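# Close look at the chain arrangement
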Amino acid sequence: MDVGFVGLGIMGQPMALNLARAGTPLVVWNRTAARSEPLRAAGAEVAGSAAEVFRRARVVILMLADEAAIDAVLERGTPGFARTVAGRVVVHMGTTSPGYSAALEADVLAAGGRYAEAPVSGSRVPAEQGRLVAMLAGLPGTVDEVRPLITPMCARTVVCGPAPSALLTKLAVNIFLITTVTGLAEALHFGERQGLDLGLLVDVLNSGQMASDVSRVKAVKLAARDFTAQAAIADVLKNNRLIAEAAREAGIASPLLDVCHALFGETVALGHAGLDMAAVVHAIAARTDGERTSG
């Protein structure tokens, strides 16, 4: 049977393309049909509905925006849920709350299906290049089956244990990502307002010990004011909220993340939800301008 892939957004489309180009027999569906056309050109079959994907595929990968979208595709909470997942392996590769994933696994297993979570670290460009890092969790037999299937999308797959340990790992990674990019944005904003040559500043940043694949890309974007989305502000704010909720539930302090949460919320309020996460600099600039006005 084919492998199914549902959800062809900023991340899902290049991930599915890497599967198709690796020769994986693939059947795909996306709510916006035009997003499926590059997959058709790459040799994948395009289904007319998510239900058709589940009828044709034994393993179905979900790369969907949020919990509501997953529940809708799976018909969760309706009699159709068992029909959809029974005898299938559901692979959840998006980012949701760990508690949601644990409950979804229980429901899938009770309905006669199998389940793995495999959230990824990386944005659009690593997705296009097949350089994502997957964090994989689930029952051992399911993990063993899923791991080779996701290899064409990922430079590395790290097995994290039972669900929801992969999503908890992803949230921990995202704390570092979000706070790092926010700090980088503040550094470039400081340099700009001090009249520095941003090209030289970027050269220093990218030549030193703190440089990384992320900082090299984001520093150039910030200096050029190029906010084409690789990881959109709205998506980062959602991830920030998930981390904050998980931290509060466990009684864990997250002081840096809380500041970032406020800044990304302010960036959305300024109308920049669809821009790259580096656009958080707009919120920092607005605070600067507000302080100057009030002073």
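Residues numbered from 1 in each chain as written. Predicted model: local features only at pLDDT ≥ 70, side-chain atom pairs only at ≥ 80, totals over all residues. Heavy atoms only, no water.

## Describing the side chain of Ser254
Relative to the helices and strands, Ser254 is located in the loop between α12 (233–250) and α13 (255–269). Note on Ser254: relative accessible area 9%, which makes it buried. Ignoring anything within four residues of it in the chain, the contact list for Ser254 reads Ala247 and Arg248. (Helix = DSSP H or I, 4+ residues; strand = E, 2+ residues; numbered from the N terminus. Buried < 20%, exposed > 50% of the residue type's maximum accessible area, 1.4 Å probe, protein only. Contact = heavy atoms within 4.5 Å.)

## Let's talk about the nonpolar core
Of all hydrophobic cores here, the largest spans 31 residues; its most connected members are Phe5, Met15, Leu26, Leu39, Met93, Val120 and Met153. When contributions to this core are tallied by element, the ones reaching two or more residues are β1 (2–6), α1 (12–21), β2 (26–29), β4 (57–62), β5 (89–92), β8 (132–138) and α8 (140–150). Sorting elements by how many residues they give to this core places α1 first, with five residues. In this structure, Met15 is in contact with Phe5, Met63, Met93, Val120, Ala127, Leu132 and Met153, ignoring residues within four places of it in sequence. With 30 residues, the next largest nonpolar core counts Leu188, Ile243, Ala279 and Val280 among its residues. (Core = buried A, V, L, I, M, F, W, Y, C linked by side-chain atoms within 4.5 Å.)

## Overview of the packing of helix α9 (residues 165–193) against α12
Each pair of packed helices can be summarised by the angle the axes make with each other and by the distance between the axes. At their nearest, the axes of α9 and α12 sit 10 Å apart, and the two run at 125° to each other. Taken together, the axes of α9 and α12 are oblique relative to one another. When the axes of α9 and α12 are compared, the crossing they make is left-handed. Here α9 contributes Leu171, Asn174, Ile175 and Ile178 to the contact with α12, which in turn contributes Val236, Asn239, Asn240, Leu242, Ile243 and Ala246. A class-by-class count of the residues in the contact of α9 with α12 yields seven nonpolar, three polar and no charged. (Axes fitted to C-alpha atoms, helices over the stretch in contact; angles between N-to-C directions. Parallel < 35°, antiparallel > 145°, perpendicular 65-115°, else oblique. Left-handed = near helix turned anticlockwise from the far one by under 90°. Nonpolar A, V, L, I, M, F, W, Y, C, P; charged D, E, K, R; others polar.)

## Some remarks on the pattern of salt bridges
Any two side chains of opposite charge can pair if their charged atoms end up close together. Under the defined criterion, the tally for this structure stands at 16 salt bridges. Here Arg56 ties to Glu52 by a salt bridge, and the two come within 3.3 Å at their closest N and O atoms. Highlighted residues: Arg56 and Glu52, both in helix α3 (residues 50–56), separated by four residues, approximately one helical turn. Taking relative accessible area as the criterion, Arg56 reaches 28% and is therefore assigned partly exposed. Taken together, the shared-partner salt bridges connect Asp2, Glu52 and Arg56 into one network. (Salt bridge = Lys/Arg side-chain N within 4 Å of Asp/Glu carboxyl O.)

## Here we look at helix α4 (residues 67–74)
Residues of α4 that are buried include every one of Ile70, Val73 and Leu74, and no others. Viewed end-on, α4 has its buried residues packed into an arc of 90°, placing them on one side of the element. Among the exposed residues of α4, those oriented more than 90 degrees off its buried face are Ala68 and Ala72. Backbone nitrogen of Ala68 and a side-chain oxygen of the N-cap are separated by 3.3 Å at the start of α4; the cap is Asp66. (Arc of directions from axis to C-beta. Polar contact = N/O pair within 3.5 Å; in protein donor to acceptor, adjacent residues only side chain to side chain.)

## With respect to the environment of Arg241
Considering the arrangement of structural elements, one finds Arg241 in helix α12. We classify Arg241 as partly exposed; its relative accessible area is 36%. For the pair Arg241 and Phe81, spaced 160 residues apart in sequence, the C-alpha separation works out to 28 Å.

## Section: the side chain of Ser101
With respect to the helices and strands, Ser101 occurs in helix α6 (residues 98–110). A distance of 2.6 Å separates polar atoms of two side chains, one belonging to Ser101 and the other to Tyr115. A polar contact is formed between the side chain of Ser101 and the side chain of Glu117, at a distance of 2.5 Å. Those residues within four positions of Ser101 in sequence are excluded, and the remaining contacts are His92, Thr96, Tyr115, Glu117, Pro164 and Leu167.

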